[in-house]
Amino acid sequence: MVALAVKSLNVWYGPTHALKNITVDIPVRQITAIIGPSGCGKSTLLKSFNRLLELNEQVRVTGQVLLDGREDIYGPGVDVTEIRTRIGLLAQKPFPLPMSIFDNVAYGPRIHGITNGGLDKVVTSHLQAVGLWDEVRDRLKAPATGLSVGQQQRLCLARSLAVEPEILLCDESTASLDPISARGIEALLRKLKEKYTLVTVTHDIDQARRLADYVIFMWLGELVEHGPARPFFEQPGHTLTQAYLAREIG
Ligand SMILES: Nc1ncnc2c1ncn2[C@@H]1O[C@H](COP(=O)(O)OP(=O)(O)O)[C@@H](O)[C@H]1O
Ligand SMILES: [Mg+2]
């Protein structure tokens, strides 16, 4: 089953042709890793999946991204807010909102009209889902900025999940964390794929080997090779992929 079908996707930043005719299917409830060297278009591809690129006025997008393999998120009349609810993003660095731990997780559900008792339940269950509940249950009203960076990233993950997305995009989401917190997030992602489709950008080949079920390898804005993780890592078909995995280039 296909979560996102990307068809002939091109992206330009002004004169820079950042994504060149990308066509690929993102499988449902698996972890897809987008790998490749810095500047190859990983973040651009990820952001194209929930229309975050349009925050930049210079950007031009052609092609399609079909949600559930059907609905073009770039189609006319699409509700961008709904798209960003269904397809959430966990950024590289944690950005807790300047409010309490509770309110961070309650933020999205409140906008969706959930109140009081419902909110308590949503906040508790999502803090439990990211393994933060026992650490923060006694200080839910304290500012989120008082948490450690690793805790903040798990809080941001809880905030993303609290609006019940179908797909979660992660852009180098462990890169700013200490190794133990990073492994904690990796373990969470592996668990979350039971319920969500995950797409994670990483320049860390070892992390991609640990996490990925499916791999997309980018080079200078082009998709060089993609496929299920085992054959991708064990028998890459393209010489560029072989050289990149052998750390000879990139
Ligand atoms: N906001 C932007 N304005 C102009 N060019 C950009 C912008 N963001 C990215 N680019 C360019 O697009 C290309 C791909 O960038 P990016 O998707 O961030 O790569 P990666 O995430 O793989 O490092 C690069 O050449 C980069 O310089
Ligand atoms: Mg990037």
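Summary of the structure given here. A quick note: this is a predicted structure, and the numbers were derived from the prediction, not measured. For every chain, the first residue of the written sequence is number 1, and numbering continues from 1 along that sequence. Chain A is the first chain written and ligand 1 is the first ligand written, with later ones labelled in order. In keeping with the model being predicted, local features are shown solely for residues with a pLDDT of at least 70 and side-chain atom pairs are shown and tallied solely at 80 or more, while totals for entire chains, interfaces and linings include all residues. The side-chain values count all of the structure's non-hydrogen atoms but skip hydrogen atoms and water molecules.

**Examining helix α4 (residues 116–129)**
Piece 1. Numbering of helices and strands runs from the N terminus, with a helix taken as a DSSP run of H or I at least four residues long and a strand as a DSSP run of E at least two residues long. A helix is expected to span 1.5 Å for every residue after the first. In this model α4 runs 20 Å from its N-terminal to its C-terminal C-alpha over 14 residues, within 8% of the 20 Å that 1.5 Å per residue would give.
Piece 2. Using a 1.4 Å probe on the protein chains alone, a residue whose accessible area is under 20% of its type maximum counts as buried, one over 50% counts as exposed, and one in between counts as partly exposed. Taken together, the buried positions of α4 are L119, V122, V123, H126 and L127. For α4, the buried positions fall inside an angular range of 120° around the axis, keeping them on one side.
Piece 3. Close packing links the buried residues of α4 with α3 (101–111), α5 (133–136) and α6 (149–161).
Piece 4. Just beyond α4, the residue with positive phi is G131, at close to 70°. Here the arc refers to the directions that run from the helix axis out to each C-beta atom. Contacts are residue-level and defined by heavy atoms, with any inter-residue pair within 4.5 Å sufficient.

**Looking at the sheet that holds strand β5 (residues 71–72)**
Piece 1. Should DSSP find at least two bridges between two strands, the strands are regarded as paired. Taken in spatial order, the 4 strands make up an open sheet running β2-β1-β4-β5, and their pairing is antiparallel. Bordering the open sheet on either side are β2 (16–27) and β5, each of which pairs with just one other strand.
Piece 2. Pairing of strand β4 (residues 59–67) with β5 involves 2 bridges; the strand directions are antiparallel. Directly across from L67, in β5, lies its bridge partner E71.

**Overview of the layout of surface pockets**
Piece 1. In this structure, the largest pocket occupies an estimated 600 Å³ of space.
Piece 2. Lining residues are those with an atom within 4 Å of a point, where the points come from a 1 Å grid over the protein atoms alone and group into cavities, where a 1.4 Å probe fits but cannot get out, or pockets, open sets with protein on both sides within 12 Å along at least five of seven lines. Taken together, 23 residues form the lining of the largest pocket, with R84, L89, R159, S160 and V163 sitting closest to its centre.
Piece 3. Counting only elements with at least two residues in the lining of the largest pocket, the list comes to α2 (80–86), β6 (87–90), α3 and α6.
Piece 4. Looking at the lining of the largest pocket residue by residue, the classes come out as 12 nonpolar, 8 polar and 3 charged.
Piece 5. Grid points are joined across faces, edges and corners, and a volume is the space filled by probe spheres set on the points. Size it by volume and the second largest pocket reaches roughly 160 Å³. Three classes are used, and their members are as follows: Ala, Val, Leu, Ile, Met, Phe, Trp, Tyr, Cys and Pro are nonpolar, Asp, Glu, Lys and Arg are charged, and the others, Gly among them, are polar.

**Thoughts on the site of ligand 1**
Piece 1. What makes a residue near a molecule or strand is one non-hydrogen atom of that residue sitting within 4 Å of it. Near ligand 1 the following residues occur: Y13, A18, P37, S38, G39, C40, G41, K42, S43, T44 and N56.
Piece 2. Pairs of N or O atoms within 3.5 Å make up the polar contacts considered here, provided that, within protein, one atom can donate a hydrogen while the other can accept it, and that residues adjacent in sequence are counted only when both atoms are side-chain atoms. At a separation of 2.7 Å, an oxygen atom of ligand 1 approaches a polar backbone atom of G39.
Piece 3. Here an oxygen atom of ligand 1 and a side-chain polar atom of T44 are 2.5 Å apart.
Piece 4. Among the elements that make up the shell around ligand 1, the one with the highest residue count is helix α1 (residues 42–48) (3 residues).
Piece 5. Classifying every residue of the shell around ligand 1 gives 4 nonpolar, 6 polar and 1 charged.

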